[in-house]
Amino acid sequence: SSTLGAAAAGSGRYFGTAVAAGKLGDSTYSTILDREFNMITPENEMKWDTTEPSRGNFNFGPADQIVNHATAHGQRMRGHTLVWHSQLPGWVSSITDANTLRSVMDNHITTEMNHFKGRIYAWDVVNEAFADGGSGQHRSSVFQNVLGNGFIEQAFRTARAADPAAKLCYNDYNIENWSDAKTQGVYTMVRDFKARGVPIDCVGFQSHFGTGGPPAGFQTTLSNFASLGVDVQITELDIAQASPTAYANTVKACMNVARCTGMTVWGIRDSDSWRTGENPLLFDTGGNKKPAYDAVLSALGGG
Ligand code: G3I
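Computed from a prediction, not measured in an experiment: that's the story for all the values here. (Residues numbered from 1 in each chain as written. Predicted model: local features only at pLDDT ≥ 70, side-chain atom pairs only at ≥ 80, totals over all residues. Heavy atoms only, no water.)

**Some thoughts on helix α8 (residues 151–162)**
Right, so step 1: Here α8 is 12 residues long and its end C-alpha atoms lie 16 Å apart, about the 16 Å a rise of 1.5 Å per residue gives.
Right, so step 2: Every buried residue of α8 is listed here: Phe 151, Ile 152, Glu 153, Ala 155, Phe 156, Thr 158, Ala 159 and Ala 162.
Right, so step 3: Where α8 is buried, its residues meet β3 (76–83), α6 (98–115), β4 (122–127), α7 (142–147), β5 (167–172) and α9 (181–196). (Helix = DSSP H or I, 4+ residues; strand = E, 2+ residues; numbered from the N terminus. Expected span 1.5 Å × (residues − 1). Buried < 20%, exposed > 50% of the residue type's maximum accessible area, 1.4 Å probe, protein only. Contact = heavy atoms within 4.5 Å.)

**Digging into the UniProt feature "active site" (unreviewed entry) in the protein**
Right, so step 1: Using the residue numbers shown here, the UniProt feature "active site" (unreviewed entry) corresponds to Glu 236.
Right, so step 2: Tracing the backbone through its elements, the reader meets Glu 236 in strand β8 (residues 231–239).
Right, so step 3: Those residues in contact with Glu 236 that lie beyond four places of it in its chain are His 80, Asn 171, Phe 205, Gln 206, Ser 207, His 208, Thr 264 and Trp 266.
Right, so step 4: Of the polar contacts made by the side chain of Glu 236, one reaches the side chain of Asn 171; its length is 3.2 Å. (UniProt positions renumbered as here; feature names shortened; annotations may be inferred. Polar contact = N/O pair within 3.5 Å; in protein donor to acceptor, adjacent residues only side chain to side chain.)

**Thoughts on the pattern of salt bridges**
Right, so step 1: As enumerated under the stated definition, the model contains 17 salt bridges in all.
Right, so step 2: Linking Arg 160 and Asp 201 is a salt bridge whose minimum nitrogen-to-oxygen distance equals 2.9 Å. Taken together, the positions of Arg 160 in helix α8 and Asp 201 in the loop between α9 and β6 (202–205) put the pair 41 residues apart, joining distant regions of the chain.
Right, so step 3: The exposure class of Arg 160 is partly exposed, given its relative accessible area of 25%.
Right, so step 4: Here Asp 201 falls in the buried class, since its relative accessible area comes to 17%.
Right, so step 5: Across the pair Arg 275 and Asp 238 runs a salt bridge whose closest N-O atoms are separated by 2.8 Å. Of the two residues, Arg 275 sits in the loop between β9 (260–265) and α12 (291–299) while Asp 238 sits in strand β8, which places them 37 residues apart along the sequence.
Right, so step 6: The structure contains a network of salt bridges with shared partners spanning Lys 23, Asp 26, Arg 269 and Asp 272. (Salt bridge = Lys/Arg side-chain N within 4 Å of Asp/Glu carboxyl O.)

**A look at the packing of α9 against helix α10 (residues 218–226)**
Right, so step 1: It is at 10 Å that the axes of α9 and α10 come closest, and there the two elements cross at 15°. When the interaxial angle is binned, α9 and α10 end up roughly parallel. Our pair here, α9 against α10, has a crossing hand that is right-handed. Facing α9, whose interface residues are Thr 183, Val 186, Tyr 187 and Val 190, α10 presents Thr 221, Asn 224 and Phe 225.
Right, so step 2: The residue makeup of the contact of α9 with α10, split by class, is 4 nonpolar, 3 polar and no charged. (Axes fitted to C-alpha atoms, helices over the stretch in contact; angles between N-to-C directions. Parallel < 35°, antiparallel > 145°, perpendicular 65-115°, else oblique. Left-handed = near helix turned anticlockwise from the far one by under 90°. Nonpolar A, V, L, I, M, F, W, Y, C, P; charged D, E, K, R; others polar.)

**Description of the site of the ligand**
Right, so step 1: The immediate surroundings of the ligand are formed by 14 residues, with Glu 43, Lys 47, His 80, Glu 128 and Glu 236 found nearest.
Right, so step 2: Taking His 80, its side chain carries an N or O atom lying 2.7 Å from an oxygen atom of the ligand.
Right, so step 3: Glu 236 places a polar side-chain atom, nitrogen or oxygen, 2.7 Å from a nitrogen atom of the ligand.
Right, so step 4: Surface burial for the ligand is 45%, taken as the share of its 780 Å² of free accessible area covered by protein chains.
Right, so step 5: Of the residues belonging to the shell around the ligand, the class tally is 3 nonpolar, 7 polar and 4 charged. (Near = heavy atom within 4 Å. Areas by Shrake-Rupley, 256 points an atom, 1.4 Å probe, with all protein chains shown as cover.)

Next up, the structure:
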């Protein structure tokens, strides 16, 4: 196969990208998008500050643009994200009453998932709930501080009830290195959820890497999580300076794990990246394929 999406499909996987609604009218952008990618994650449009800017007032317009584009071009969608401490409107972060926050969180999950029902392959139900550093515990957030440790379980149970057909993922960064306390914290949570029947189907490894690419144990991490009975996915891949070897190593780690169902890069051209000046993506600012593109295509089994 000669495109990323088709090459990934050759092994039953997908190859996706983050998309910004405001760029869909840029023909260089949309031409690459529709040629190469068969999964789309909205970069910002499904986040709480956009979708429920004030209590009970929902705005799905920007996300609908992306979902409609995906439907028209045969691409699947990852939903990103329902419960996250960032890009969270002030009216949510200032809630101090647990019953109020629980009902606000459940209503947000249910309303957003219902709106997109049948059009989302997998949802990042909870994003980045674990702390950086050595604690292995949840980070401080309004959800953690007001609802306590059970907020993640509550969010997943509510999500399953809202759309039983969607896959439900936990998504985080810096959980790629098996020996890190943060990785172990997430692993312990997923193991506990599976043991107690809390609904969870997948774990997303964001994979925002430095110049060297993935940590040496990345494949071990993917396979250890998969052994718990969840799918694993690379959800926001970008690598400073986009070394072809670093990209190929990342893709190979996924290809070597049967339950690694797909990979998503966090943007199309370097100019689309949140990592200004790091040139971390597969296409240059002019939309030309970079050496990392060829390395990824070949690691996917294409070429
Ligand atoms: O839309 C406003 C615009 O109205 C305003 O004029 C402008 C001025 O700053 O800001 C615009 O919002 C920006 C938004 O992107 C849309 O472009 C925000 O400032 C900016 O902070 C926001 O950045 C996003 C970032 O998440 C915020 O946390 C990035 O685009 C997005 O790539 C990034 O994605 C996250 C994932 O969701 C989760 N994992 C980490 C990843 C990288 O940070």
